[in-house]
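What follows is each chain in one-letter form.
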Number of protein chains: 4
Amino acid sequence: MILTLSCPDQRGIVAKVSAFLFERACNILDAQQFDDQETGQFFMRVVFDADGADHDALRADFRVVAQALSMKWTLRDRKDRYRVMILASKFDHCLADLVYRWKIGELPMEIAGVVANHPAETYANVDLTGLPFHHLPVTKETKFEQEAALWQLIQDTRTDIVVLARYMQVLSEGLSAKLAGRCINIHHSFLPGFKGAKPYHQAHARGVKVIGASAHYVTGDLDEGPIIEQDVERISHRDTPEDLIRKGRDIERRVLARALRYQLEDRVLLNGRKTVVFTD
Amino acid sequence: MILTLSCPDQRGIVAKVSAFLFERACNILDAQQFDDQETGQFFMRVVFDADGADHDALRADFRVVAQALSMKWTLRDRKDRYRVMILASKFDHCLADLVYRWKIGELPMEIAGVVANHPAETYANVDLTGLPFHHLPVTKETKFEQEAALWQLIQDTRTDIVVLARYMQVLSEGLSAKLAGRCINIHHSFLPGFKGAKPYHQAHARGVKVIGASAHYVTGDLDEGPIIEQDVERISHRDTPEDLIRKGRDIERRVLARALRYQLEDRVLLNGRKTVVFTD
Amino acid sequence: MILTLSCPDQRGIVAKVSAFLFERACNILDAQQFDDQETGQFFMRVVFDADGADHDALRADFRVVAQALSMKWTLRDRKDRYRVMILASKFDHCLADLVYRWKIGELPMEIAGVVANHPAETYANVDLTGLPFHHLPVTKETKFEQEAALWQLIQDTRTDIVVLARYMQVLSEGLSAKLAGRCINIHHSFLPGFKGAKPYHQAHARGVKVIGASAHYVTGDLDEGPIIEQDVERISHRDTPEDLIRKGRDIERRVLARALRYQLEDRVLLNGRKTVVFTD
Amino acid sequence: MILTLSCPDQRGIVAKVSAFLFERACNILDAQQFDDQETGQFFMRVVFDADGADHDALRADFRVVAQALSMKWTLRDRKDRYRVMILASKFDHCLADLVYRWKIGELPMEIAGVVANHPAETYANVDLTGLPFHHLPVTKETKFEQEAALWQLIQDTRTDIVVLARYMQVLSEGLSAKLAGRCINIHHSFLPGFKGAKPYHQAHARGVKVIGASAHYVTGDLDEGPIIEQDVERISHRDTPEDLIRKGRDIERRVLARALRYQLEDRVLLNGRKTVVFTD
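Throughout this description, residue numbers start from 1 for each chain and increase along the sequence as written. For this description, chains carry letters from A and ligands carry numbers from 1, given in the order in which they are written. Side-chain atom pairs in this predicted model are given and counted only at pLDDT of 80 or more, local residue features only at pLDDT of at least 70, and totals for whole chains, interfaces and linings cover all residues. Computation of side-chain values: all heavy atoms of the structure, hydrogens and water removed.

1. Quick look at the pattern of salt bridges
Item 1. Basic side-chain nitrogens of Lys or Arg form a salt bridge, by our definition, when they fall within 4 Å of a carboxyl oxygen of Asp or Glu. According to the stated counting rule, one finds 112 salt bridges over all chains in the structure shown.
Item 2. Between Glu233(A) and Arg258(C) there is a salt bridge, with the nearest N and O atoms lying 3.8 Å from each other. Placement of the pair is Glu233(A) in strand S11 (residues 227-234) and Arg258(C) in helix H7 (residues 241-264), with the two residues belonging to separate chains.
Item 3. In this structure Glu233(A) comes out as buried when scored by relative accessible area, which is 15%.
Item 4. Counted as one network, the salt bridges with shared partners bring together Glu229(A), Asp231(A), Glu233(A), Arg254(A), Arg258(A), Arg234(B), Glu229(C), Asp231(C), Glu233(C), Arg254(C), Arg258(C) and Arg234(D). Runs of H or I in DSSP of at least four residues are treated as helices and runs of E of at least two as strands, each being numbered from the N terminus. Only protein chains enter the calculation, and the probe is 1.4 Å; a residue is then buried if its accessible area is under 20% of its type maximum, exposed if over 50%, and partly exposed in between.

Shown next, in the form of structure tokens:
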């Protein structure tokens, strides 16, 4: 099982949590913690074997510990895979990559569905066989209705996590709030370098020597959500905007896949407008 | 010798330049070129042996070729080392690094002098023995006079290149113009990410996962000059602002040293607000 | 068109080549050269527009220049795409990646066929629709016949380039010789680090902190062919061999795709047991 | 204080250690652990405030816990800085770098001395003022006596950690054994890539596209000791062996400095022929 928690720091948190697990014959396989000395906030992630234990009792008992320490916490059986909805637009390299990684067992999730604002035939290069596909076109005029339909779909499919795989549509403040901490976007620039539209063209115009991509939680504040993962690649004056787009595809898909994997393994904890990421 | 040139692109430039050198028994050791198809501008750098040739005649003859093709060009004997003035402020890691690299022969230059807005005793950790040291303190009120003294010094010492080695002072628009294309600054962030003051604190507050440094030409427009070189390093939520500053020192000094070496070897050509860098 | 050449260095090569092109109204778009001062060998790659020119005449005329300078050379119209055969075994991440990149137009080639030593149903995660698939199983006993069939297929399909996309079979010395300079393998280690079998397990056992992958030309000498491209990723003590395999997949596919792209654009020239790679 | 420990894994280790600290009013500032599922060995590093506690009593009490769990452990007050002896040979870039980092407070250590097999005047580019310098020349014939003198010096100066800063001499098996787990070497290759002499020349001859350096513990088995840290840089066919040596200097000094800092902060635990490095 995976336990994550955050709370105001005080003496004895680790002692209490580890004693709690020890007393219930749980074996800690991995534990990471972080004490943010700036904010006085404490973060912890524990992976443990609880073979002998009654999971519901465990949860009920831990609630008491958590309450005493004012914790925000999650406790999940790793066998209960998250249900993920992937949203895509015209470019399908992130969609194709996530689906392939899922197929070979690299991403432990259920795909609740694929939503696109283009029709299915746009994705001829991606094998979506067996995946529920939803075409939800959107215009300025229909954005409100489209988001309502999307939200309905998220609820109907019991979606836990939403991934904007180069979705290119800005979610409204309302929907962003509904999905706080469980909607990941890939921005095709090294934030906060080039916010907004056409970042590779911006990067080319500015003449930077390194480009990157950023996976972040979606918030109402566009391109300002907490960053989960970033990566970069070196470029030169010889690279045209088209070369940057090509090189960028590689960065985008690996950054997004890493961020999603972290999320699927409960490795990402929110810390204000930042994240704590307990990487492996 | 090293020839650099840029001019509007047209057919036959390479043919003309290489024929010119061949006819004068010069042997090309290295040549790189770049054709900016966006702006129609052509850039070239040629390193050649001109042992038998009269350098002055070569220069005079090339002027004719250059004029016909509307070239901006430089032709320099590699034995004529550039004279470099290093400007430093409180932090001396870039200064110490450049001086050490110069001592072991890694940077082919003459050091025309070291200028600091702090007194010599500030630099106890750097061995400046034998180097002309100038203490030019500066306040808001005396900035005008200080820059005048600095400019006088640059002229008196026949300084070719000015390096702001974490100088922390913004040069005025007037002095920036005087030093256009020959004054290199190291900005301690991955531009254009965090312009202005305290970029590592900004990076920490934003929660980025990668930090960097940027060497660029100084222009009147602060932190907006053409970028010569950038590099990055991965960080995590565990890094405090102090850790970023420490990790940043390593990035800054290697980025600045690379940019300066490129400049000393005539590898950097201006292309509007960008650079063409013919790296090795 | 793309011209590549290598020959013993002497004065005037660039002048002769560029004059040759200028006289035939060809416009140089890009040119890179390299003078290996150790071996006295000169290498060059020129991309040029030859719209007005007769390609056959161009070729015939250049033969004279090339002969006089003892050149090895190639001259190719970029519109004549190379025909590529991809060989795969059990792991299909490199195969899937190359096919996807080809579909979205990132790799300018024709796929002459896919050859595997496992049956088609092994590749359920890769959409091979429309691609000629050949199942050529192999055992120790049938290796000779299998390679003969493979070679026949290569000839029948007019294959220019063979890619071992984690093919996991060692080609015989004889077949390697037939494919010299046009058969690319991806080795899943940072060569010459961990040659031979199970390199990620070797890397894990040795406790290295960085892993990598290497794309190289196949020669009779296993894992010793000229290296075209390498890349790496940082790991830690927390990574199990399975984690290394997962992280390795990302490195392998991007290294192989880069190497193949270089090959498709005539950017790789052989220099003894090394390569000259004129990257963009 | 910093506590490190390793022991056979079993249930309740974290619970016992954290309860131990909690009961003594110690506040955990940072804790990292690692459970090597391959070997069944458990590793932990805890940083804690023990302001109110009697350090000697703490140590005595912990001995009981440690014994019960068959721990190898260390407990150190961060104020008790390690005493470090730096060994250098002809190349002084690592020596210069370590001394500078120490001067600006980046490396929390006492320098017990600098030992060189060349006379003091060799190090004109490094400011060794105030540091005990020992010239211990060595030849094949005098190696035994030189090592005896070195070992005497290590004991006399109460040296904790020995750093081979490009020392270029192979320590004997006997001396290596005396310094097990506290002698760090920087090897100027990406191990296990190019062991032995002149690795940059080997790398150049092999035509690799990335070079690196490795900091490792010294053992009797040359270049085979447990690796602490590695880093790399991209190179190209244009780089001569001299360029590799220059680029390598940058990698070497930052890899060695990182490894030493980890050692000074008790972040490195031995795990057979590998290391567990609890990085920040």
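2. Describing the pairing of strand S12 (residues 268-271) of chain D
All names here are of chain D.
Item 1. Any two strands between which DSSP finds at least two bridges are classified as paired. Inspection of the sheet shows S12 paired to strand S13 (residues 274-277) by four bridges, in the antiparallel sense. When the bridges of S13 are listed, Leu269 appears paired with Val276.
Item 2. Here S12 folds back onto S13 in antiparallel fashion, the turn holding two residues, of which Gly272 has a positive phi close to 65°.

3. Looking at the domain arrangement of chain A
All names here are of chain A.
Item 1. For chain A, the assigned domains are domain 1 (2-76) and domain 2 (82-277).
Item 2. Of note, the centres of domain 1 and domain 2, computed from C-alpha atoms alone, are 31 Å apart.
Item 3. Between domain 1 and domain 2, the residue contacts involve 12 residues of the former and 10 residues of the latter.
Item 4. Buried area: the sum, over both parts, of the accessible surface (1.4 Å probe) that disappears when the two are put together. Among the residues of domain 1 in contact with domain 2, Phe43, Arg45 and Arg76 are the three that bury the most area, contributing 57% of the side total.
Item 5. At the boundary of domain 1 and domain 2, one finds one salt bridge.
Item 6. Between Arg76 and Asp266 there is a salt bridge; the shortest N-O distance is 2.8 Å.
Item 7. The set of elements that each furnish at least two residues to the side of domain 1 that touches domain 2 consists of strand S1 (2-8), strand S2 (27-36) and strand S3 (41-49).
Item 8. Looking at the side of domain 1 that touches domain 2 residue by residue, the class counts come to five nonpolar, three polar and four charged. Where each domain begins and ends follows an automated or database-derived domain assignment. Two residues form a contact once any of their heavy atoms are found within 4.5 Å. Any residue outside Ala, Val, Leu, Ile, Met, Phe, Trp, Tyr, Cys, Pro, Asp, Glu, Lys and Arg is labelled polar, Gly included; the first ten of those are nonpolar and the last four are charged.

4. Things to note about the relation of the copies chain A and chain B
One copy of the chain maps onto the second through a rotation around an axis plus a translation along that axis.
Item 1. By a simple turn and slide, chain A fits onto chain B: the slide is 0.0 Å along the axis, the RMSD is 0.0 Å, and the turn is 180°. With respect to symmetry, the two chain copies, as superposed, fit the operation of a two-fold axis. Ranked by how close their C-alpha atoms come to the rotation axis, the residues of chain A are headed by Gly193(A), at 2.1 Å. We place the copies in one frame by least squares, fitting the C-alpha atoms of every residue whose pLDDT is at least 70 in both.

5. Considerations on the side chain of Ser89(B)
Residues and elements named next belong to chain B.
Item 1. Position of Ser89 among the secondary structure elements: in the loop between strand S5 (82-88) and helix H3 (93-103).
Item 2. By relative accessible area, which is 5% here, Ser89 ends up buried.
Item 3. Those residues in contact with Ser89 that lie beyond four places of it in its chain are Asn117, His118, Tyr123, Arg166, Tyr167 and Met168.

6. Some points on helix H4 (residues 143-156) of chain D
Item 1. Take the residue count of a helix, subtract one, and multiply by 1.5 Å to get its expected span. The end-to-end C-alpha separation of H4(D) is 20 Å, in line with the 20 Å expected for 14 residues at 1.5 Å each.
Item 2. At the C-terminal side of H4(D), Arg158(D) shows a positive phi close to 50°.

7. Looking at the UniProt feature "active site" (unreviewed entry) in chain A
All names here are of chain A.
Item 1. Mapped onto this numbering, the UniProt entry annotates "active site" (unreviewed entry) at Asp223.
Item 2. Take Asp223: it is sitting in the loop between strand S10 (210-217) and S11.
Item 3. Under the rule applied, a polar contact is a pair of N or O atoms within 3.5 Å (in protein, one hydrogen donor and one hydrogen acceptor; residues adjacent in sequence only if both atoms are side-chain atoms). A polar contact of 3.4 Å, which involves the side chain of Asp223, links it to the side chain of His187. UniProt positions are given in the numbering used here, feature names are shortened, and annotations may be inferred rather than shown by experiment.

8. Notes on the packing of aromatic side chains
Item 1. Stacked, tilted and edge-to-face pairs are distinguished by plane angle, under 30 degrees for stacked and over 60 for edge-to-face with tilted covering the rest, among Phe, Tyr and Trp rings (Trp via its six-membered ring) whose centres lie within 6.5 Å. Applying the stated criterion to the full structure yields 18 aromatic pairs over all chains.
Item 2. A ring pair is formed by Phe190(C) and Phe190(D), whose centres lie 4.8 Å apart and whose planes are at 85°; its orientation type is edge-to-face. Of this pair, Phe190(C) sits in the loop between strand S9 (183-187) and helix H6 (199-206) while Phe190(D) sits in the loop between strand S9 (183-187) and helix H6 (199-206), which puts the two residues in different chains. Neither residue differs from the other here; Phe190(C) and Phe190(D) are each classed as buried.
Item 3. For the ring pair Phe34(D) and Phe43(D), a centre distance of 6.2 Å and an interplane angle of 25° mean the geometry is stacked.
Item 4. On the accessibility criterion, Phe34(D) (10% relative accessible area) is buried.
Item 5. A residue is classified by how much of its surface remains accessible, and Phe43(D), at 1% relative accessible area, is buried.
Item 6. Grouping aromatic residues by their ring pairs yields a cluster made of Phe20(A), Phe62(A) and Trp73(A).
Item 7. The ring centre of Phe20(A) lies 3.8 Å from the NZ or CZ of Arg24(A), which sits over that ring. Placement of a charge over a ring requires the Lys NZ or Arg CZ to be within 6 Å of the ring centre, with the centre-to-atom vector within 35 degrees of the ring normal.

9. A short note on the side chain of Glu252(D)
Residue and element names in this part refer to chain D.
Item 1. With respect to the element layout, Glu252 can be found in helix H7 (residues 241-264).
Item 2. Within polar-contact distance, the side chain of Glu252 engages the side chain of Tyr200 at 2.6 Å.
Item 3. With residues up to four places along the chain from it excluded, the contact list for Glu252 reads His93, Cys94, Arg166, Ile186, His188, Tyr200 and Ala213.

10. Examining the packing of helix H7 (residues 241-264) of chain A against H7(C)
Item 1. In the contact formed by H7(A) and H7(C), the axes pass within 12 Å of each other and the chain directions differ by 175°. Between H7(A) and H7(C), the interaxial angle falls into the category roughly antiparallel. Taking contact as the criterion, the partners of Arg246(A), Asp250(A), Arg253(A), Arg254(A) and Arg261(A) in H7(A) are, on H7(C), Arg246(C), Asp250(C), Arg253(C), Arg254(C) and Arg261(C).
Item 2. Residues of the contact of H7(A) with H7(C), tallied by class, amount to no nonpolar, no polar and 10 charged. All axes are obtained by fitting lines to C-alpha atoms, using only the stretch in contact for helices, and the reported angles, taken between N-to-C directions, cover 0 to 180 degrees. Put simply, angles under 35 degrees are roughly parallel, angles over 145 are roughly antiparallel, angles from 65 to 115 are roughly perpendicular, and the rest are oblique.

11. Some remarks on the interface of chain B and chain D
Item 1. Taken residue by residue, the interface counts 27 residues in chain B and 27 residues in chain D.
Item 2. Between chain B and chain D, roughly 2400 Å² of surface is buried when both sides are summed, and carbon and sulfur atoms account for 36% of that area.
Item 3. Between the two partners, chain B and chain D, sit 12 salt bridges.
Item 4. In this structure, Arg253(B) and Asp97(D) form a salt bridge, with 2.7 Å as the shortest nitrogen-oxygen distance.

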